[in-house]
Each structure stands twice: as structure tokens, then as C-alpha cells.
Amino acid sequence: MSKVFAISYSNFGYLLTDLIYQIEIKKLEDYDYGLYEDILTADEIVIKRRFLANLPSVFGDENTQEVQAEPELPPDVTRFLMTYKGTEVVVIGSHDFELLFKDKATDDKGFIETDSSVVEGKSQDLENLAEDVVLLASNGIDLNTVSL
């Protein structure tokens, strides 16, 4: 298996609010549609949050009852990606994290390096993590803008 860093959901939230992130918003060129990526970097942490340009619908779907915060991404695109020291990060519910790593010490940012098989199926919902990034780490910048 491969190595990953694990962090509890509570420590993830702390990092989002405690660190000042450098923010870049760029268009991903490998796609035929308006796919953009927020890239937040601080202290060897890189968070990428992908989103579609909010274009008006030609079908006039303002009459629908369902309101979504963001348009759904195609199935081949992951909304939220995070790395620490160049290695993938898995954000785990705080209770599960405590159960899995009760005998191990975290580093100063709350990360533990582990094998991916240990945390398989324990990851928090990526859509919710992406929303947390927008709410907690934006430093007052609209992360849904396509022109920065």
C-alpha cells in the first residue's frame, strides 16, 4: 500500500482557521469546460478545491426546488485534494482518528504518517471538506471567482 498523512477533522478545521494561506485560482486547461481550481498553500500544506464556473443555465432552472451550493462536478473530477509534504492527506472524523491512533503522537500540525489501508473508508465527505475550505480558509477572498 501507499503512505498517506492522516489528520482528524477537528485538527483540519484548526489548520483552516489558524494558518494564513497563499491563494491562487487557476483554470485547468485539460478540460473542455470551465473547470477551475483554488490552490491554498501554507507550511508544506497544499489544498486544492475544484469548481465549475457559475454560468447561467440556458434551461432556466431557476424554477427548480433544489438549491445546490455548487454545481456537481463530472465523476472523473475530485472536488477536494490535500497534500502535506508532497504526500496525500486523508481527513478522518475526530472520533475515528482517536480510535485508530490513540497510541501514536501527531506532529505539530496534527498529522500522522500511516499506510493508506489503515484509513481506507474513514475519510470525511470531500464535498463537505471543500465547503469548509471556502468558509474557513478563504482569507476574505471569494474562492468561487474565476478572475483573480
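These remarks concern the structure in this document. All values derive from a computational prediction rather than experimental measurement.

With that settled, the discussion passes to the overall build of the protein. For the protein, the count of helices and strands is four helices and seven strands. Listing each helix as α and each strand as β along the protein from the N terminus yields β-α-β-β-β-β-β-α-β-α-α. Per-residue burial for the protein yields a buried fraction of 39% across its 148 residues. Sequence separation of at least 24 residues holds for 64% of the intrachain contacts in the protein that already meet a minimum separation of 6. Working note: accessible area of the protein is about 9000 Å², and carbon and sulfur atoms make up 48% of it.

Our focus in this paragraph is the packing of aromatic side chains. Under the defined criterion, the tally for this structure stands at eight aromatic pairs. On the basis of an interplanar angle of 75 degrees and a centroid distance of 4.9 Å, the ring pair of Phe5 and Tyr84 is categorised as edge-to-face. Of this pair, Phe5 sits in strand E1 (residues 3-8) while Tyr84 sits in strand E5 (residues 80-84); the two residues are 79 residues apart in sequence, bridging distant segments of the chain. In this structure, Phe5 and Tyr84 share a single accessibility class: buried.

Attention now moves to the nonpolar core. The nonpolar side chains of a soluble globular protein tend to be buried with one another. Counting 27 residues, the largest nonpolar core has Phe12, Tyr21, Ile45, Ile47, Met82 and Phe111 as its most contacted members. Going through the elements one at a time, E1, helix H1 (9-18), strand E2 (22-27), strand E3 (35-42), strand E4 (45-52), E5, strand E6 (87-92) and helix H4 (126-136) are the ones with two or more residues in this core. In terms of nonpolar packing, the next biggest core, distinct from the first, is built from eight residues, Val4, Val90, Phe97 and Ile112 among them.

By the alternation rule, side chains of E5 split into Phe80, Met82 and Tyr84, which are all buried, and Leu81 and Thr83, of which none is buried. Bridge count for E4 against E5 is five bridges, and the pairing is antiparallel. What sits directly across from Val46, in E5, is Thr83. Here E5 pairs with E6 via two bridges, running antiparallel. Its bridge partner lying in E6, Thr83 is registered against Glu88. Taking the residues that link successive antiparallel strands as the turn, the E5-E6 hairpin has two residues, and the phi of Lys85 there is positive, at about 55 degrees.

Definitions and cut-offs
Numbers given for residues are sequential positions, taken from 1 along each chain in its written order. Owing to the predicted nature of the model, reporting of local features is limited to residues with pLDDT of at least 70; listing and counting of side-chain atom pairs is limited to 80 or more, with chain, interface and lining totals taken over all residues. The basis for the side-chain values is all heavy atoms of the structure; hydrogens and waters are excluded. Every helix listed is a DSSP run of H or I at least four residues long, and every strand listed is a run of E at least two residues long, numbered separately from the N terminus. Buried, partly exposed and exposed residues are distinguished by accessible area as a fraction of the type maximum, computed with a 1.4 Å probe on protein chains only: under 20%, between the cut-offs, and over 50%, respectively. Residue contacts are counted whenever heavy atoms from the two residues lie within 4.5 Å of one another. Per-residue accessibility takes into account occlusion by the displayed protein chains alone, with areas from the Shrake-Rupley method and a 1.4 Å probe. Here a Phe, Tyr or Trp ring, Trp counted by its six-membered ring, pairs with any other such ring whose centre lies within 6.5 Å, and the pair is stacked when the planes are under 30 degrees apart, edge-to-face when over 60, and tilted otherwise. In this text, buried Ala, Val, Leu, Ile, Met, Phe, Trp, Tyr and Cys residues form a nonpolar core when linked through side-chain atoms within 4.5 Å. By this definition, two strands are paired if DSSP reports at least two bridges between them.

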